[in-house]
Amino acid sequence: MGTLALNAENVDSDIYLSLGLKELRKGVPTIPRVLSLLSSLLERYVQKNELLLEETQIKDVITIFHGLREPTLSIRQYIDRIFKYSGCSPSCFVVAHIYVDRFLQSTEVHLTSLNVHRLLITSIMLAAKFIDDAFFNNAYYAKVGGVSTAELNRLEMKFLFSIDFRLQVSVEMFGKYCSLLEKESSEGLQIERPFKACGIKESWSKTNKDDSTCAPTVAR
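Conventions we followed
- Residues numbered from 1 in each chain as written.
- Predicted model: local features only at pLDDT ≥ 70, side-chain atom pairs only at ≥ 80, totals over all residues.
- Heavy atoms only, no water.
- UniProt positions renumbered as here; feature names shortened; annotations may be inferred.
- Helix = DSSP H or I, 4+ residues; strand = E, 2+ residues; numbered from the N terminus.
- Contact = heavy atoms within 4.5 Å.
- Areas by Shrake-Rupley, 256 points an atom, 1.4 Å probe, with all protein chains shown as cover.
- Expected span 1.5 Å × (residues − 1).
- Buried < 20%, exposed > 50% of the residue type's maximum accessible area, 1.4 Å probe, protein only.
- Phe/Tyr/Trp six-rings, centres within 6.5 Å; stacked < 30°, edge-to-face > 60°.
- Patch = residues over 30% accessible without salt bridge, like charges linked within 9 Å, V, L, I, M, F, W, Y side chains within 5 Å.
- Salt bridge = Lys/Arg side-chain N within 4 Å of Asp/Glu carboxyl O.
- Disulfide = S-S within 2.5 Å.
- Arc of directions from axis to C-beta.

As annotated in an unreviewed UniProt entry, the chain carries the name Cyclin and is attributed to Lithocarpus litseifolius. Check the Sequence similarities (unreviewed entry) section of the UniProt entry for the chain; it says "Belongs to the cyclin family. Cyclin U/P subfamily."

*Asks:* I tried to follow the overall build of the chain on my own but got confused; where do I start?
*Replies:* Per the secondary structure count, the chain includes ten helices and two strands. In the chain, the order of α-helices and β-strands from amino to carboxyl end is α-α-α-α-α-α-α-α-α-β-α-β. Of the contacts formed within the chain by residues at least 6 apart in sequence, a portion of 85% connects residues at least 24 apart. Surface accessibility of the chain: about 11,200 Å² in total, with carbon and sulfur atoms responsible for 55%.

*Asks:* Mind showing me how you'd approach helix 5 (residues 91-106) here?
*Replies:* Note: α-helices contain 3.6 residues per turn, so residues at a spacing of three or four share the same orientation. Spanning 16 residues, helix 5 covers 23 Å between terminal C-alpha atoms, matching the ideal 22 Å at 1.5 Å per step. Of all 16 residues that make up helix 5, 14 are buried, and the element is covered over most of its length.

*Asks:* Mind showing me how you'd approach the packing of aromatic side chains here?
*Replies:* Remark: the centre distance and the inter-plane angle together describe each pair of aromatic rings, the angle taken between the planes. Enumeration according to the criterion identifies eight aromatic pairs in this entry. Centre to centre, the rings of Phe103 and Phe159 are 5.2 Å apart; their planes meet at 10 degrees, and the pair counts as stacked. Of the two residues, Phe103 sits in helix 5 while Phe159 sits in helix 8 (residues 149-162), which places them 56 residues apart along the sequence. Of the two residues, Phe103 and Phe159, neither departs from the other in class, the shared state being buried. Seen in terms of ring centroids, Tyr140 and Tyr141 are 6.4 Å apart; in terms of plane orientation they differ by 75 degrees. Their pairing is edge-to-face. Looking at Tyr141, the relative accessible area reads 2%, which means it is buried.

*Asks:* For this particular structure, what's the right way to read the environment of Glu50?
*Replies:* Tracing the chain through its elements places Glu50 in helix 3 (residues 33-56). Each C-alpha atom, one on Glu50 and one on His110, is 8.4 Å from the other, the two residues being 60 residues apart in sequence.

*Asks:* Is there a simple way to explain a nonpolar patch on the surface in this structure?
*Replies:* On the surface, Met157, Phe161 and Phe165 cluster together to form a nonpolar patch covering roughly 320 Å² of accessible area. Relative to the assigned elements, Phe165 resides in the loop between helix 8 and helix 9 (171-187).

*Asks:* Teacher, can you tell me more about the pattern of salt bridges here?
*Replies:* Within the structure shown, the criterion is met by five salt bridges. For Glu184, the salt bridge goes to Arg44, with nearest N and O atoms at 2.5 Å. Of the two residues, Glu184 sits in helix 9 while Arg44 sits in helix 3, which places them 140 residues apart along the sequence. With a closest N to O distance of 2.7 Å, Glu151 and Arg118 form a salt bridge. Of this pair, Glu151 sits in helix 8 while Arg118 is found in helix 6 (residues 116-131), placing the two residues 33 residues apart along the sequence. This pair shows no difference in class: Glu151 is buried, exactly as Arg118 is.

*Asks:* What is the right way to read the state of the cysteines from this model?
*Replies:* Inspection of every chain in the model, using the stated rule, returns zero disulfides. Here Cys88 is not disulfide-linked; the sulfur of Cys92 is the nearest cysteine sulfur, at 4.4 Å. The class for Cys88 is buried, based on a relative accessible area of 6%.

*Asks:* What should I look at first to understand helix 7 (residues 138-145) in this one?
*Replies:* Within helix 7 the residues assigned to the buried category are Asn138, Tyr141, Ala142, Val144 and Gly145. Seen along its axis, helix 7 keeps its buried residues to an arc of 160 degrees; they face one direction. Just beyond helix 7, the residue with positive phi is Gly146, at close to 80 degrees.

Structure representation (structure tokens):
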């Protein structure tokens, strides 16, 4: 694996560096810019979809990715947590974005605050398995994501069958999504919205003691 990460240098070098997909200096810990841009983009999608569902009174398709309530962690906090503990490459977050789009295009599901977290942990895990040279097992990713191992196993299989196991990403497609994220920055569409203090499930609070609180948070 790791082929995409090696060949991604063909992507516009300025965008590649700007998103933080390439380490500038070894040994210097940095937070890749791609994390905040992806968070902003997904938050915008979620707000747009939830407004559409509310205005049209359309009932969303319920899947195993849906929780009963919004998680305590914002999308940004959740993405930061996954990056901190999973050790996956920054490129995984671009690939995960591609995978989520493929899932949504293959189903009638809308991206909302009830399913975005489970879709993220599943897609990022699959991206790490496919493009990174080293990755953890499902049990570890489940702890990072705040779900049980059994649930993550089911999410993984449902996701894979929904996208027809299409995990391959061309360099051209990778570059397209990098440009999309860079455009998110140029448009300056940072959104603030309070998230209700709830939690996906009981195990959420048990696995997030150091990274979450039981108070409203704001996604930025």
